[in-house]
Amino acid sequence: MLLDKEVDPSLDLFEEIKTLKKEKNVLLLAHYYQNNDIQDIADYIGDSLGLAQQAQKTNADIILFAGVHFMAETAKILNPTKKVLIPDLNAGCSLADSCPTDKFKEFKEKHPDHIIITYINCTAEIKALSDIICTSSNAVQIVESLPKDQKIIFAPDKNLGAYINKKTKRNMVLWDGTCMVHEIFSLEKLIKLKVQNPKAKIIAHPECEEAILEHADFIGSTTALLNYSKKSDDKEFIVLTETGILHQMQKASPNKTFIPAPPNNSCACNDCPYMKLNTLEKIYLSLKYEQPELVMNVDLMEKAKRPILKMLELSAKFGL
Ligand code: 13P
Ligand code: SF4
């Protein structure tokens, strides 16, 4: 186990990681929910769509994915000749876990005339059973690109699905899955926070529950929330998504105030326990020993690739 290896505390991990990246021709991809130090050393920081696009087009020999397992799988599927490293193989996702393959197959069989649009936050096995993948950046446009009377199953996030149904006036059949980070925002605490900060704009990720989204001034993917906060003339924002995104928001707009919305437990802010498994130490060890490497079944990769490519084609058409 790599995690058992000691890292010399006198090492400058930033410098070590930079040297290893150069020596081994590595692309270090990080999602916005990563710890600040990881974001600061990454070659590219982005949302799920941006990360998939970067993974597809890279000429690097190694992709180190500082994110979660389904993101690294997507990178491997899109660029299978690359070695894909994931600093901690336990970095899973509660949303992906909420959609087991056998149960989803049964669900699919019950709706034979439905097209399956699946949020990228799912396993490769679920992707292989889907027709089109989407992310929070392109979900509305992908659904709208289909005929109005097209029957659709949307999986696995029921909150994102309900949001798209409302936005597109559709009636997609929703899989009953949720993200543990976005479903625990407290409406009561949000309302109190807004009373204390009346000028603050409420900005939320569509994985949040409908009751929360009803209070939002703006709803969007992590990239969309970041861009909104940059362009807005407002100076204060209450942010309803994982706290990692605040780092880029604050960096881009140092004179604005970003307030993380509290969850319905005793914590002050809302971290994804899977995303936060990654550390600089683990990234250093992963680059040094080129482990753990993500190895996938070739047949599964082929099947899962088709709906991901469909998403990327549509995204390019939409200018995303
Ligand atoms: P995006 O960054 O694509 O909006 O996704 C959010 C998320 O929950 C990733 O796990
Ligand atoms: Fe999964 Fe939610 Fe964590 Fe994203 S924030 S990786 S959807 S558990």
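Given the structure is predicted, the values throughout are model-derived calculations rather than measurements.

The rules behind the values
- Position numbers for residues count from 1 along each chain, tracking the sequence in the order it is written.
- Each chain is given a letter, starting from A, and each ligand a number, starting from 1, according to the order in which they appear as written.
- Thresholds applied to this predicted model are a pLDDT of at least 70 for local features of residues and 80 or more for the giving and counting of side-chain atom pairs; totals over whole chains, interfaces and linings are not thresholded and use all residues.
- Hydrogens and water are ignored here; the side-chain numbers use all heavy atoms of the structure.
- Throughout, the term near means that a residue has one or more heavy atoms lying within 4 Å of the molecule or strand in question.
- Three categories are distinguished: nonpolar for Ala, Val, Leu, Ile, Met, Phe, Trp, Tyr, Cys and Pro, charged for Asp, Glu, Lys and Arg, and polar for the others, with Gly belonging to the last.
- Polar contact criterion, stated in full: a pair of N or O atoms within 3.5 Å, where within protein one must be able to donate a hydrogen and the other to accept it, and residues adjacent in sequence count only if both atoms are side-chain atoms.
- Each accessible area is a Shrake-Rupley estimate made with a 1.4 Å probe; only the visible protein chains count as cover when residues are assessed.
- By definition, two strands form a pair when at least two bridges between them are found by DSSP.
- In this description a helix means any DSSP run of H or I spanning at least four residues, a strand means any run of E spanning at least two, and both kinds are numbered starting from the N terminus.
- The contact definition used throughout considers only heavy atoms, calling two residues in contact when any of these lie within 4.5 Å.
- Angles here are taken between N-to-C directions and fall from 0 to 180 degrees, while the axes themselves are lines fitted to C-alpha atoms, restricted in helices to the stretch in contact.
- The buried label applies to any residue whose accessible area, calculated with a 1.4 Å probe on protein chains only, is under 20% of its type's maximum; exposed applies above 50%, and partly exposed to all values in between.
- In this analysis, rings of Phe, Tyr and Trp, with Trp reduced to its six-membered ring, are considered paired at centre separations within 6.5 Å, and the interplanar angle assigns stacked below 30 degrees, edge-to-face beyond 60, and tilted for intermediate values.

Student: Looking at this structure, I do not really get the site of ligand 2. What am I missing?
Tutor: In the region of ligand 2, the neighbouring residues are Tyr33, Val68, Cys93, Ser94, Asn121, Cys179, Val181, Glu207, Cys272 and Met275. A breakdown of the residues in the shell around ligand 2 according to their chemical character gives seven nonpolar, two polar and one charged.

Student: Where do I start with the site of ligand 1 in this structure?
Tutor: Close contacts around ligand 1 come from 13 residues, with His31, Ser48, Ser136, His205 and Thr222 the closest. The side chain of Ser48 places a nitrogen or oxygen atom 2.9 Å from an oxygen atom of ligand 1. With respect to ligand 1, the side chain of Thr222 contributes an N or O atom lying 2.5 Å from an oxygen atom. Starting from 300 Å² of accessible surface for ligand 1 in isolation, the protein chains cover 96%. Of the residues that constitute the shell around ligand 1, the class distribution is four nonpolar, seven polar and two charged.

Student: Help me understand the sheet that holds strand β10 (residues 218–219) in this model?
Tutor: Overall, parallel pairing links the four strands, which are arranged β10-β9-β11-β12 in an open sheet. Sheet topology places β10 and β12 (257–260) at the edges, where each strand pairs with a single neighbour. Where strand β9 (residues 201–204) and β10 come together, two bridges link them in parallel fashion. Residue pairing for β10: Ile203 is matched across the bridge by Phe218. The strands touched by helix α13 (residues 245–252) are β9, β11 (236–240) and β12; relative to β12, the strand with the most contacts, the crossing angle is about 170°.

Student: I tried to follow unusual backbone geometry on my own but got confused; where do I start?
Tutor: Peptide bonds are mostly trans, and most non-glycine residues show a negative phi. In this model, Ala155 is joined to Pro156 through a cis peptide bond whose omega is -15°. Residue placement: Pro156 occurs in the loop between β7 (152–155) and α9 (158–168). Here Gln291 and Pro292 are connected by a cis peptide whose omega angle stands at -15°. Considering the arrangement of structural elements, one finds Pro292 in the loop between α14 (280–289) and α15 (298–317). For Asn25, which is not glycine, the phi torsion reads 50° and is therefore positive. Along the chain, Asn25 falls in the loop between α1 (13–24) and β1 (26–31). Classification of Asn25 as partly exposed rests on a relative accessible area of 34%.

Student: For this particular structure, what's the right way to read the packing of aromatic side chains?
Tutor: For any pair of aromatic rings, geometry is given as the distance between the ring centres together with the angle between the planes. Counted according to the given criterion, the structure contains six aromatic pairs. Their ring planes at 75° and their centres at 5.5 Å tell us that Phe104 and Trp175 sit as a pair that is edge-to-face. With a gap of 71 residues between them, Phe104 in helix α6 (residues 101–110) and Trp175 in the loop between β8 (173–174) and α10 (187–196) connect regions that are remote in the sequence. Of the residues examined, Phe104 reaches a relative accessible area of 0% and is grouped as buried. For the pair Tyr228 and Phe237, a centre-to-centre distance of 6.4 Å together with 85° between the ring planes defines the contact as edge-to-face. With relative accessibility at 0%, the residue Phe237 sits in the buried group.

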